[in-house]
Amino acid sequence: MDGDDGFRDFVATYGAALSRTAFLLTGDHQLAEDLVQSTLARTATHWRRVAAGNPQAYVRRAMINQRTSWWRRHRYGRETPVPTDALHTLVTSRSATATAGTTGTAGTADAADAVVQRLTVVAALAQLPPRQRAVIVLRYFDDLGEAATARALNCSVGTVKSQAHAALARLRALAPMLLSDGPDRSAGRADSPAGGAT
Amino acid sequence: VTDQLRSLLRDAAATVPDYADADRALRAASRGRRWRRATAAIAAAATAAVIAIATVVVLKPDRRTADETAPALAGPVYPAVLTPPERAAALPAGGVGTAALLYAPCVRDCAAFLVTDSGLQYRLPAVTGGPPAAGYSLSPDGRWLAWPTGSGVRIRDLTGRTTHDVVEDAAGTTSAWAWSADSRWVLLVRHTDGTAHRVTVLDVTTGTRHRSDPVQHPVAVRTDGRVVGWAGDHTGTGELSTMDPVSGESTRVALDLRSAMRPGEVVTYGDLDTLPDQPLAMVTLQASTATDILGPPSAVLLLDLDTGRPIRRVDLPESAQDNANTSYWSPRTYGPEGITAVHSTAERTEIVQLNPDTGARVVRTTLPRDSTVVLRGTRR
């Protein structure tokens, strides 16, 4: 197997997961695609050296660095965070959709609920600073431990903890309907309209 | 909350397509490698071109011949530190470029080295029984090197192959005694038992030479080829003469430097450095001490060669000659860059330029201790 084949195998195995991470990091499909492809091109250049270590960690870290670099360069440019008001509108519409689901067609209501929920999550993530967003994605989507997250972000474990804490607090404030303090999200979702109607 | 968040994130990313395209990434990487290689090649070529041009400009020997007009005076390029090389080529017959100085890193039993303005060092053979660098003389522009040959003096162009041999038939020792400030004339003096017997003035640009008997003690040659003679003692009084070596005619003026001298100081006229474009020369005053008639140099005077009067006195840094703190200042030349002096200490030898107005000192070159140094326009 030559170097290119090894790289192709890596992309075939981890490409989809990297794409999802990239989307959560950017909140935009086009940016996510650019991020994945530019990172993979750079990885392919150094593949022989990268393959000797942990390619997945390398690519993940490269993606985060690239994302941070873009953010610094276009801080006020291409990506405009969803305004907090719009986020509230999304959350409110989700609640209304969920309420409608109790009286209308269940399948339609669930599908609409899922779309609104995804939009809400992406909009809430977009409100976070890049490092907090990266911590959330790495810790709770890629399921990395604190140490691995710290390595990926080139920071200390303490920074990861503090950033995660701040990010969760911010998300709770932005989307209280999504992140309830209850033990189960689905329970929260089911109870929420009822509680609201009470 | 974290479980909720995990679930929400997975839901949000569930419909994200797979953007990863390995072949596209490989093609982009290949393009990047080609671009980097091309850029590196262009950068390497550009760097090589710059180095080549710089090398040609800096190191190209000056191919001018003696028939051409003498080059404009340019200051010597002193290396910050001069260390005698373990191995150095002997001075070749061809051009090596103008010289900044020559030196020997010892008093005896070592080689002397010619240092070019481009920083190269060439080994010089000893030509006298004294210190290795003794007997050599450099023109003020660093282009001409003179040394005794036993029967006379050889003067060679360091930027080409021109040489002038001045052969004396009389007994004694001939040396290149002084240079005119524009480097055109060199004054050769034939000494026997310490007395000047004959002077020869050589025009190095044409090879023309004029011989005459000295009217007085010859000390300098002016830019028109006339020889400056000195008669008198060390007290600062006497007579200054200017002799045309072709016609033999001379003019004389009374010399009186006492108004610029301090009690106990004496004049040493053997080394008189003429200045370019002005009828001025630098003479050195030495302070006599209780134990030594000629103490260390204490000041330099600018002397008007036409009037025989001093026009400026510049005090030198104080020399110290006790064993604990040796510091000896030897002024060599006076020019636009100030007074160039050789400063000898127990640790090192330095070429220092002194600002006559402010007294500021700038160390131009550091050499090993006990080095003997011959600067441009001087014979020691």
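Along each chain, residues carry numbers from 1 onward, in the same order as the chain's sequence is written. Note on labels: chains are lettered from A, ligands numbered from 1, in written order. Only residues with pLDDT of 70 or above have their local features reported here, since the model is predicted, and side-chain atom pairs are shown and tallied only from 80 upward, although totals for entire chains, interfaces and linings are computed over all residues. In computing side-chain values, all of the structure's heavy atoms are included and hydrogens and water are not.

## Considerations on the overall build of chain B
1) Next: What counts as a helix is a DSSP run of H or I of at least four residues, what counts as a strand is a run of E of at least two, and both are numbered from the N terminus. Within chain B, the secondary structure is distributed over two helices and 24 strands.
2) Next: We call a residue buried when its accessible area falls under 20% of the maximum for its residue type, exposed when it is over 50%, and partly exposed in between, using a 1.4 Å probe and counting protein chains only. With 380 residues in all, chain B has 47% of them scored as buried.
3) Next: Contacts between residues were defined by any pair of non-hydrogen atoms, one from each residue, lying within 4.5 Å. Partitioning the intrachain contacts of chain B with sequence separation of at least 6 by distance along the chain shows that 46% fall at a separation of at least 24.
4) Next: Here chain B displays about 17,600 Å² of accessible surface, and carbon together with sulfur accounts for 52% of that area. Throughout, the Shrake-Rupley method with a 1.4 Å probe supplies accessible areas, and for residues the shown protein chains are the sole cover considered.

## Description of the overall build of chain A
1) Next: Across its full length, chain A carries 10 helices and zero strands.
2) Next: Helices and strands in chain A line up, N terminus first, as α-α-α-α-α-α-α-α-α-α.
3) Next: Evaluated residue by residue, chain A yields a buried proportion of 41% over its 198 residues.
4) Next: Sequence separation of 24 or more characterises 67% of the internal contacts of chain A that already satisfy a separation of 6 or more.
5) Next: As displayed, chain A offers around 9,800 Å² of accessible surface, 53% of which is attributable to carbon and sulfur atoms.

## Regarding helix α2 (residues 29-45) of chain A
All names here are of chain A.
1) Next: For α2, which comprises 17 residues, the first-to-last C-alpha distance of 24 Å matches the rise-based estimate of 24 Å (1.5 Å per residue) to within 8%.
2) Next: Of the positions making up α2, those classed as buried are Leu31, Ala32, Leu35, Val36, Gln37, Thr39, Leu40, Ala41, Thr43 and Ala44.
3) Next: Residue Asp28 occupies the N-cap position of α2, its side-chain oxygen lying 2.9 Å from the main-chain nitrogen of Gln30. A helix is expected to span 1.5 Å multiplied by its residue count minus one. Counted as a polar contact is a pair of N or O atoms within 3.5 Å, where, for protein atoms, one must be capable of donating a hydrogen and the other of accepting one, and residues adjacent in sequence contribute only when both atoms are in side chains.

## Examining the interface of chain A and chain B
1) Next: Each partner contributes residues to the interface: chain A has 39 residues there, and chain B has 28 residues.
2) Next: Taking both sides of the interface into account, the surface hidden between chain A and chain B amounts to around 3,100 Å²; carbon and sulfur atoms contribute 65%.
3) Next: Here, a salt bridge means any side-chain nitrogen of Lys or Arg that lies within 4 Å of a carboxyl oxygen of Asp or Glu. Taken together, the connections running from chain A to chain B amount to four salt bridges.
4) Next: Two residues, Asp23 of chain B and Arg8 of chain A, come together in a salt bridge whose shortest N-O distance is 2.7 Å.
5) Next: Viewed at the interface, chain B and chain A are joined by nine residue pairs in polar contact (both at pLDDT 80 or more).
6) Next: Secondary-structure elements contributing two or more residues to the side of chain A that touches chain B are α1 (3-26), α2, α6 (106-126), α7 (130-140) and α9 (157-174) of chain A. What gets called buried area is simply the loss in accessible area from a 1.4 Å probe that two parts show on being joined, summed for both.

## Some words on the sheet that holds strand β12 (residues 217-221) of chain B
Residues and elements named next belong to chain B.
1) Next: One bridge is not enough; two strands pair if DSSP finds at least two bridges between them. Here four strands make up an open sheet; going across it, the order is β12-β13-β14-β15 and the pairing antiparallel. Because the sheet does not close on itself, it has two edges, and the strands there are β12 and β15 (250-256). The mean angle between the axes of side-by-side strands here comes to 25°, regardless of whether they run parallel or antiparallel.
2) Next: As judged from the four bridges shared by β12 and strand β13 (residues 227-232), these two strands associate in the antiparallel manner. Note on β13: the bridge partner recorded for Ala220 is Val228. The angle between two axes is taken between their N-to-C directions and runs from 0 to 180 degrees, where each axis is a line fitted to C-alpha atoms and a helix contributes only its stretch in contact.

## Notes on the environment of Leu158 of chain B
1) Next: Here Leu158 of chain B shows up in the loop between β6 (152-157) and β7 (163-167).
2) Next: Dropping the residues within four chain positions of it, Leu158 of chain B is found in contact with Leu91, Gly95, Val96, Gly97, Ala99, Leu114, Leu138, Gly142, Arg143 and Leu145 of chain B.

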